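# Results of the structural survey
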Amino acid sequence: MNQRGKHLVLLALSDGNKNSIEVQNLANFTMLPYSETENALSITNSECPVSPSNLEDPTITTPEQHDTTFENHGNSPSILFATNKSYEQEGIDFQTGDFSGTDSGDEYRPGPRSRSSSSSSSSSSSSSSSSSSDSPAENNNSNNESLVHEYNQPAETITKPRGKKRTRNPTNWKKNVAKRLKNSGKTYISIKTKKLNQSKTIGPTCTTKCRLSCAAKFTEQKRTEIFESYWKLESLERQRGFLNTCTRPLKCAYRRIKTDKRYDRKANNAFYLLNENKEIRVCKTFLINTLGITQRVIRTVIDGRAQNDGFIPPDQRGKHGKQCTLGPEVIQAVKDHIESIPRIESHYLRASTSRQFIDGGLTVAELHRNYSESQKQQNKPIVNYDAYSRIFNQDFNIGFFKPKKDRCDECEAYENASEEEKNKLRDSFKLHQEEKSLSRLEKERDMKRCHEPNNNTIVFTYDLQAVLPCPVGKSSSFYYKSRLNCYNLTISNANKQETTCYFWHEGLANRGAIEIGSCVYKYLEQIAFEKPGCDVIIYSDNCCGQQKNRFVFAMYYYAVTRLNINSIQHNFLIRGHTQNEGDAAHSVIEKSVTRAKNAGCIYVPDQYISLIRGAKKTGKPFVVNEMNFNDFFDLKALEENINFNMAKNVNDRVIKTGDIKSIKFSKNSENYHYRTTYKTDNWEEAKAILQPKKLRGNRGNRKIDEITLKQAYNNKIPISERKKRDLLQLLEANLVPRYYESFYNDLI
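Cut-off values and rules
- Residues numbered from 1 in each chain as written.
- Predicted model: local features only at pLDDT ≥ 70, side-chain atom pairs only at ≥ 80, totals over all residues.
- Heavy atoms only, no water.
- Core = buried A, V, L, I, M, F, W, Y, C linked by side-chain atoms within 4.5 Å.
- Buried < 20%, exposed > 50% of the residue type's maximum accessible area, 1.4 Å probe, protein only.
- Helix = DSSP H or I, 4+ residues; strand = E, 2+ residues; numbered from the N terminus.
- Phe/Tyr/Trp six-rings, centres within 6.5 Å; stacked < 30°, edge-to-face > 60°.
- Lys NZ or Arg CZ within 6 Å of the ring centre and 35° of its normal.
- Patch = residues over 30% accessible without salt bridge, like charges linked within 9 Å, V, L, I, M, F, W, Y side chains within 5 Å.
- Areas by Shrake-Rupley, 256 points an atom, 1.4 Å probe, with all protein chains shown as cover.
- Salt bridge = Lys/Arg side-chain N within 4 Å of Asp/Glu carboxyl O.
- Lys, Arg positive; Asp, Glu negative; His and termini not counted.
- Charge placed at Lys NZ, Arg CZ, Asp CG, Glu CD.
- Axes fitted to C-alpha atoms, helices over the stretch in contact; angles between N-to-C directions.
- Parallel < 35°, antiparallel > 145°, perpendicular 65-115°, else oblique.
- Left-handed = near helix turned anticlockwise from the far one by under 90°.
- Contact = heavy atoms within 4.5 Å.
- Nonpolar A, V, L, I, M, F, W, Y, C, P; charged D, E, K, R; others polar.
- pLDDT = per-residue confidence, 0-100.
- Disulfide = S-S within 2.5 Å.

What follows covers the nonpolar core. Within soluble globular proteins, side chains that are nonpolar tend to cluster in buried spots. Counting residues in each nonpolar core, the largest one holds 58 residues, and the members touching the most others are Phe460, Trp504, Leu524, Tyr556, Phe644 and Tyr672. The element contributing the most residues to this core is helix H19 (residues 550-562), with 10 residues. Within the second largest apolar cluster, 30 residues are counted, among which are Ala596, Val604, Ile609 and Leu730.

Here you go:
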């Protein structure tokens, strides 16, 4: 039946005449699942056996406008198939029992999921059990109503959110694969005994002493056809249905009765096979050897029919109903416990994922231990780890998240405060939340504005990625040795949708304001060359040691004066809420590094550069600039030469660097502007250059056009003695191949 594709299965029993069965409307017929079809094969006239070849050669006709005529020739029942075009157009798969339509998404985010075939089979089994007590007409009507009701169900009532992991597929389980192979008569390995069972083979015919002379009535070719057709049924219940048609009770003319019998003798049976559409009686030995089965199979069919008024009962193995199952209350308790876990906002890709996160220090095993303790205290039933893990992975889309940086101190303090303390902190916390929201709104507004036509604004964000250690590998020795730190500054341009990386290691430079400011200045030079006369808006976090300091501000003032840029504005995101586009780039790079570590080791920084270049699989690849020690500028000397003012503004108020939310430098202006809140557009103004004072050495009011940038490093910088020792030990232990010895010797 599987070879017919998507069909509506209709079962019709012939009345022995060559009458046609006219179907005026397909809706008046009942669709039978496999189980009902197999059972229905046993409802036959005892005088008309069938061969398995008949089951594989159904009469096929195509309905036209729902008016279909099926003809059934011969005295044997046939399975009739009618192609239903409307169902095929809707994407309904009768072969797999999938009525979910054509919706099939591979995305990982939770959403509506196709109903599993188990729901279809359960509804089919319920209709099968009820059909034995109802009349055929009532059965047809009830099934039609259930089908119509099922197709008209809204998607919300029959779908289930997709879990974190893919759902189980019982079809591919080893025991089910072995079961299919066994029912097909092929070689299989027993799951319980691990024994290899050979494929079924046709046996010899009965002896010449057989009084039915079975061997003379069937050729070897015909026996082979019957054998192959029987095992092609690939279903135990269908095979039993066929054997039921081959077996009939035999009324003996006389029977000898013993007086001291312990058990009643069972009725005799005669066995029949079809040969050229003729019913031929055969002996039991011939039937068993031709089909390659055992006497037990025949006995099961005969006993089952005797106990069920001629019906062959379905296979009840594994359906005893005594399996260990979880009650709905127990499952709900697990879900309530998982729901009670606090969620953490994703640091990476917040806008493009619906996955929720919990503390990265937790594990599923630890969650199960906490759940067990809670249930034990309440004297409630406890599920094992297997069930807890299955519910966690299938019914929830939750990942474990370890924050890239510590959470915001102000938010953490407010959450942990008592009610009395919260009343005192409420105003400052409310202001903090407002600043966070306003900063994000302004960033979003700038991102949209830079894409407007004829707009002269360039918007980019930059952030330093977490340290990338080198060398790294699977050996535990790497985790106990000091290693070389590699640094990667990512600059994400919102206009070009492009990310540029600046990469170096600690043997070339440090990771302070000089290094960060030098990379940003090089990028500003590139912008001034590509789009002269533009306005630049920059976003970053609040790290005072790297970008929120007078050295970087002096570099901005120098850049807007010397480069072809109209203005530079730097907006600082609120502390603890500094997620930006750089985090997405870091996430992609970290995934690429993780895959590389699983495949092998990373021995030198150059391998990181290759990984970063190939990390992005879609869109524009990352642009990587390898920084050397002579590529960094001495911004501290620049600040001294400019004599940059970070003391007081024009209103003689003290400038607090930590309170600055935005700072702006404009061309041909001796002053710069800054603001300490996003709630207002009123900017404070301050002079960029202080007047020279006495006894200040070489600090003076040199013209900025006369100032040139100096190199921060003339040579490679040394690394710590401990790091040198540990790197040498890794080389001596051959954990780092000798191929890379020259790099580390030059570094050390």
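So, on to the packing of aromatic side chains. Counted according to the given criterion, the structure contains 22 aromatic pairs. Centroid distance Tyr521 to Tyr558: 6.1 Å. Interplanar angle 40°. Geometry classified as tilted. Linking Tyr521 in helix H18 (residues 513-530) with Tyr558 in helix H19, this pair joins segments that are 37 residues apart in sequence. Tyr558 matches Tyr521 in its accessibility class, with the two residues each being buried. Put simply, the rings of Tyr556, Tyr557, Phe644, Phe665, Tyr672 and Tyr674 touch in pairs and so form one group of aromatic residues. The ring of Tyr414 has Lys422 sitting right over it, with the charged end atom 5.5 Å from the ring centre.

Here we take up a positive patch on the surface. There is a patch of like positive charges on the surface, built from Arg168, Lys175, Lys179, Lys319 and Arg390. Structurally, Lys175 can be placed in helix H7 (residues 174-183).

In contact at an axis separation of 11 Å, helix H13 (residues 328-339) and helix H14 (residues 364-377) are set at 120° when each is read in the N-to-C sense. Taken together, the axis directions place H13 and H14 in an arrangement best described as oblique. Judged by the twist between their axes, the crossing of H13 over H14 is right-handed. Judged by residue contacts, Ala333, Val334 and His337 of H13 engage Leu367, Asn370, Tyr371 and Gln375 from H14. Of the residues belonging to the contact of H13 with H14, the class tally is four nonpolar, three polar and no charged.

Close inspection of predicted coordinates is inappropriate for parts of the model with low pLDDT. When pLDDT is averaged across the chain, the result is 77; 73% of the residues are at 70 or more. Scored below 50 in pLDDT, residues 1-50 shows 133 contacts in the model against residues more than four places distant or in partner chains. Note that residues 55-158 has pLDDT below 50 and, in this model, 169 contacts with residues that lie over four places away or in other chains.

It is worth spelling out the state of the cysteines at this point. With the rule as written, the count across this model stands at zero disulfides. Here Cys486 stays unpaired: no disulfide links it, and the sulfur of Cys470, its closest cysteine neighbor, is 5.0 Å away. Judged by its relative accessible area of 0%, Cys486 falls in the buried class.

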